[in-house]
Amino acid sequence: MPGHFTFYTHQIDNGKALFDENESRHALQVLRYGVGSQIEFTDGKGFLYKGRISETGKKFFVAQADEVIEPGNLSKLSLAVGIIKHTDRLEWMVEKCCELGVESLILMQTENTVKTRVSMERLERICISALKQSHGCRLPKLILEDFKTTVKRLAENRFVCHCRAELQNKSAKPNDLKGETLVLICPEGDFSVEEVKLAHELGYTDLAFGNTVLRTETAAMAVAGAYNLIGGNG
């Protein structure tokens, strides 16, 4: 029914939204929408719009926003994750991070990261699809950089997840995840000793998630899920 699907466009000007060929095919050919149909859409910048289709073409349609909704309490969680060499697992993680509303997702090249090609363009498409499916309103910032750059980023709360027992410092718990938060998650093979020491020197606190060793993408989901469940964005 109209409004049941969330459409995406990055072209909104004074409440007038222009949708590309892919969105047009879905709306006009699959869903059989037409001029006057009510729809819900987003620009991926934290806003949801409700409006009506005002114009259609072969490869586009235009909608006029009647109502602008700015959802409150958007996540302030940034996840910095060691790049996963298996593309399917990496893409799955990116998709779920988007669904969970992560503000930023940083893919890090670390000392133990296996060199692999990362298609940021494909990951952005995956995020858009996940945003629409989950009726979200904000695309996460996707960033590709090295560990030494990431670790210097500032945030109100900063944590590091690693498996080096000999380097454990005071350990935080999931209920400490709140507000503006940056979490570093080690790659397969863990962070190097030097990387963990650098994080500690810069004020990062270890973050513990039980006694089992989690895969990189599992740890990312655990952090994002815990942040949401405890109301970290409140």
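Since the structure is predicted, the reported quantities are computational estimates derived from the model, not experimental observations.

### Considering the pairing of strand 9 (residues 141-146)
At step 1: Here strand 8 (residues 104-109) pairs with strand 9 via six bridges, running parallel. Looking at strand 9, one finds that Leu105 is bridged to Leu142.
At step 2: Handedness of the strand 8-helix 3 (residues 120-133)-strand 9 crossover: right-handed.

### Some words on helix 6 (residues 216-229)
In an α-helix, one turn spans 3.6 residues; hence positions three or four apart end up facing the same way.
At step 1: Helix length check: helix 6 (14 residues) gives 20 Å between terminal C-alpha atoms against 20 Å at 1.5 Å per residue, within 8%.
At step 2: Along helix 6, the residues classified as buried are Thr216, Glu217, Ala219, Ala220, Met221, Val223, Ala224, Gly225, Ala226 and Tyr227.
At step 3: On its buried face, helix 6 is in contact with strand 7 (77-82), helix 2 (87-99), strand 10 (157-161), strand 12 (181-185) and strand 13 (205-207).

### Brief notes about the packing of aromatic side chains
At step 1: Counting across every chain of the model gives seven aromatic pairs.
At step 2: Ring centres 6.2 Å apart and planes at 65° place the aromatic pair Phe7 and Tyr33 in the edge-to-face group. Taken as a pair, Phe7 in strand 1 (residues 6-8) and Tyr33 in the loop between helix 1 (21-30) and strand 4 (38-42) lie far apart in primary sequence, 26 residues in all. Here the two residues Phe7 and Tyr33 agree in accessibility, since each one is buried.
At step 3: Aromatic pair Phe7 and Phe61: ring centres 6.1 Å apart, planes at 80°, arrangement edge-to-face. Of this pair, Phe7 sits in strand 1 while Phe61 is found in strand 6 (residues 61-69), placing the two residues 54 residues apart along the sequence. Of the two residues, Phe7 and Phe61, both sit in the buried class.
At step 4: Ring pairing ties together the aromatic residues Phe7, Phe19, Tyr33, Phe41, Tyr49 and Phe61, which thus form one cluster.

### Some thoughts on the sheet that holds strand 11 (residues 171-172)
At step 1: As summarised here, the arrangement of the seven strands in space is 9-8-7-12-10-13-11, forming an open sheet in which the pairing is parallel. This sheet does not close on itself; its edge strands, each paired only once, are strand 9 and strand 11.
At step 2: Where strand 7 and strand 8 come together, five bridges link them in parallel fashion. Bridged to Leu79 within strand 8 is Leu105.

Procedures and definitions
- Residues numbered from 1 in each chain as written.
- Predicted model: local features only at pLDDT ≥ 70, side-chain atom pairs only at ≥ 80, totals over all residues.
- Heavy atoms only, no water.
- Pairing = 2+ DSSP bridges.
- Helix = DSSP H or I, 4+ residues; strand = E, 2+ residues; numbered from the N terminus.
- Right-handed = clockwise from strand over helix to strand, strands pointing away.
- Expected span 1.5 Å × (residues − 1).
- Buried < 20%, exposed > 50% of the residue type's maximum accessible area, 1.4 Å probe, protein only.
- Contact = heavy atoms within 4.5 Å.
- Phe/Tyr/Trp six-rings, centres within 6.5 Å; stacked < 30°, edge-to-face > 60°.

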